[in-house]
Amino acid sequence: MTVDDSNSGEDTPPPSDSAGYPTPHHDVDHTAEPTDDPLAIRLEQLILGAERRYTPFQAARTAGVSMDLASRFWRAMGFADIGQASALTEADVLALRRLSGLVEAGLLSEPMAIQVARSTGQTTARLAEWQIDSFLEGLTEPPEPGMTRTEVTYPLIELLLPELEEFLVYVWRRQLAAATGRVVQAADDEEMVDRRLAVGFADLVGFTRLTRRLEEEELGELVEAFETTSADLVAAHGGRLVKTLGDEVLYAVDDAGTAAEIALRLIETLKHDATMPALRVGIAFGTVTTRMGDVFGTTVNLASRLTSIAPKDTVLVDGAFAEELIRTGDAPASETEAAEAAAKAEKEGETAPEYRFGLRPMWQRPVRGLGVVEPWLLGRRES
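### Overview of the overall build of the protein
Secondary structure summary: the protein contains 13 helices and 10 strands in total. Within the span of the protein, comprising 383 residues, buried residues form 34% of the whole. In the protein, the share of contacts with a sequence separation of at least 24, taken over all contacts with a separation of at least 6, comes to 67%. Summed over its atoms, the accessible surface of the protein is roughly 22900 Å², and 52% of this surface lies on carbon and sulfur atoms.

### Details of the side chain of Thr-307
Structurally, Thr-307 is set in helix 11 (residues 298–309). A relative accessible area of 1% means that Thr-307 is categorised as buried. For Thr-307, the side chain forms a polar contact with the main-chain oxygen of Ala-303, separated by 2.9 Å. Those residues in contact with Thr-307 that lie beyond four places of it in its chain are Phe-201, Asp-203, Glu-248, Arg-280, Val-281 and Gly-282.

### Topic: the nonpolar core
By size, the foremost hydrophobic cluster in this structure holds 38 residues, and its most contacted members are Tyr-251, Leu-279, Val-281, Ile-283, Val-315, Phe-321 and Leu-378. In terms of residue count, the dominant contributor to this core is helix 10 (residues 256–271) (nine residues). Setting aside residues up to four positions removed in sequence, Leu-279 forms contacts with Ala-202, Asp-203, Leu-204, Val-205, Phe-226, Leu-266, Ile-267, Leu-270, Lys-312, Asp-313 and Thr-314. Leu-99, Ala-113, Ile-114 and Ala-117 belong to the second largest nonpolar core, which has 23 residues in total.

### With respect to the environment of Leu-99
Inspection of the secondary structure puts Leu-99 in helix 4 (residues 90–104). Taking relative accessible area as the criterion, Leu-99 reaches 11% and is therefore assigned buried. Spatially, the C-alpha atom of Leu-99 lies 8.4 Å from that of Phe-73, the residues being 26 residues apart in sequence. For Leu-99, the contacting residues outside a window of four places in its chain are Phe-73, Ala-113 and Ala-117.

### Remarks on the environment of Asp-247
Locating Asp-247 in the fold gives a position in the loop between strand 2 (240–244) and strand 3 (248–253). A relative accessible area of 21% places Asp-247 in the partly exposed class. Sequence-wise, Asp-247 and Val-223 are 24 residues apart; in three dimensions their C-alpha atoms are separated by 6.6 Å. Those residues in contact with Asp-247 that sit more than four places away from it in its chain are Ala-202, Asp-203, Leu-204, Phe-207 and Phe-226.

### Some thoughts on a nonpolar patch on the surface
A contiguous nonpolar surface patch, about 290 Å² in accessible area, is contributed by Leu-127, Trp-130 and Leu-168. Inspection of the secondary structure puts Leu-168 in helix 6 (residues 149–184). Given a relative accessible area of 43%, Leu-168 falls into the partly exposed group.

### Quick word on a negative patch on the surface
Residues Glu-215, Glu-216, Glu-217, Glu-218, Glu-221 and Glu-224 make up a contiguous surface patch of negative charge. As for its placement among the helices and strands, Glu-224 is situated in helix 9 (residues 216–236).

### Re unusual backbone geometry
A positive phi angle, close to 60 degrees, is found at Asp-313, a residue other than glycine. In this structure, Asp-313 sits in the loop between helix 11 and strand 6 (315–317). Relative accessible area serves as the criterion here: at 26%, Asp-313 is assigned to the partly exposed category.

### Here we look at the packing of aromatic side chains
Counted according to the given criterion, the structure contains one aromatic pair. With a centroid separation of 6.1 Å and 40 degrees between ring planes, the pair formed by Phe-167 and Tyr-170 is classed as tilted. Of this pair, Phe-167 and Tyr-170 both sit in helix 6, three residues apart, which is roughly one turn of that helix. Judged by relative accessible area, which is 53%, Phe-167 ranks as exposed. Geometry around Tyr-154 places Arg-42 over its ring, the cationic atom sitting 4.1 Å from the centre.

About the thresholds
Residues numbered from 1 in each chain as written. Predicted model: local features only at pLDDT ≥ 70, side-chain atom pairs only at ≥ 80, totals over all residues. Heavy atoms only, no water. Helix = DSSP H or I, 4+ residues; strand = E, 2+ residues; numbered from the N terminus. Buried < 20%, exposed > 50% of the residue type's maximum accessible area, 1.4 Å probe, protein only. Contact = heavy atoms within 4.5 Å. Areas by Shrake-Rupley, 256 points an atom, 1.4 Å probe, with all protein chains shown as cover. Polar contact = N/O pair within 3.5 Å; in protein donor to acceptor, adjacent residues only side chain to side chain. Core = buried A, V, L, I, M, F, W, Y, C linked by side-chain atoms within 4.5 Å. Patch = residues over 30% accessible without salt bridge, like charges linked within 9 Å, V, L, I, M, F, W, Y side chains within 5 Å. Salt bridge = Lys/Arg side-chain N within 4 Å of Asp/Glu carboxyl O. Lys, Arg positive; Asp, Glu negative; His and termini not counted. Charge placed at Lys NZ, Arg CZ, Asp CG, Glu CD. Phe/Tyr/Trp six-rings, centres within 6.5 Å; stacked < 30°, edge-to-face > 60°. Lys NZ or Arg CZ within 6 Å of the ring centre and 35° of its normal.

Below you can see the structure in the form of structure tokens.
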């Protein structure tokens, strides 16, 4: 790959991806350039394992990639423009070589390599912020009077860094194995991208009012408890927590029965917590497009709309989800049909079919952007 030697300060057109679309350009505040604080530099060298050595142009040239491509990789990873400050290390050069090498080898297209950089950057940025704000902040409280936080930060990170790094790689490999398993079990290539999934939104009722009434620390504790409870329940039943939005969580599951169980358990669990507000859940079933770990499409929009109209402590589902529960034998088509099947089984000395869930049709109503929908109220069904 050739090196772009046009870094002479001349005007150049905005960078664009391989499809010809301009890469969004942002005015960068260069007061955010790399700090000269001695402790910050020592911590940076400890974490990165290398000293500052290269300007962005020097790093791109050493890696054997164009400055344009290097800039797009860095921006995709979430790193700010730093002008021509000597702030990059051998690790930055190696990362550029690896990404560009995957492109040159034909293993990834250039847009896909940028997407890999972006998804990795977004995920790890959030993880790093959480660890600093919620984890290291508490641990770096001075253990003895007179000690400053900065005096304990360096040795603490020195001890934690290798352990956290190994744990991160372990969890990533586990998640990658699970995601790969789901893909290879897809019925065909098309299903690998556009899959039929059950998508559920769970939303805390009256959260906006709570933000005005609770102190910031209390609100943070409530959100953390909600997210933790939701994540644990979704994971325990084999679902996937797609994202959390403070007062709302989005999860996806391969089958409707599991999605229904998760929704009802969420409501039941939070009902027993006096500190938690009521919950409402909306679930839809259908084709979903997955991109960068997120889910998109009409099915997702419908699940969100169902959540917004659900009464508190209830689960509303769409017609396709109800049909899927009926098809798999998790719910009867109607209570009349269930009663007739039970009477017939008793008459013939057979075991009556057992259904985990019950469905009750609700009022039809127009939903913005989706037309008229007929929600179904989901509940547990006693034997």
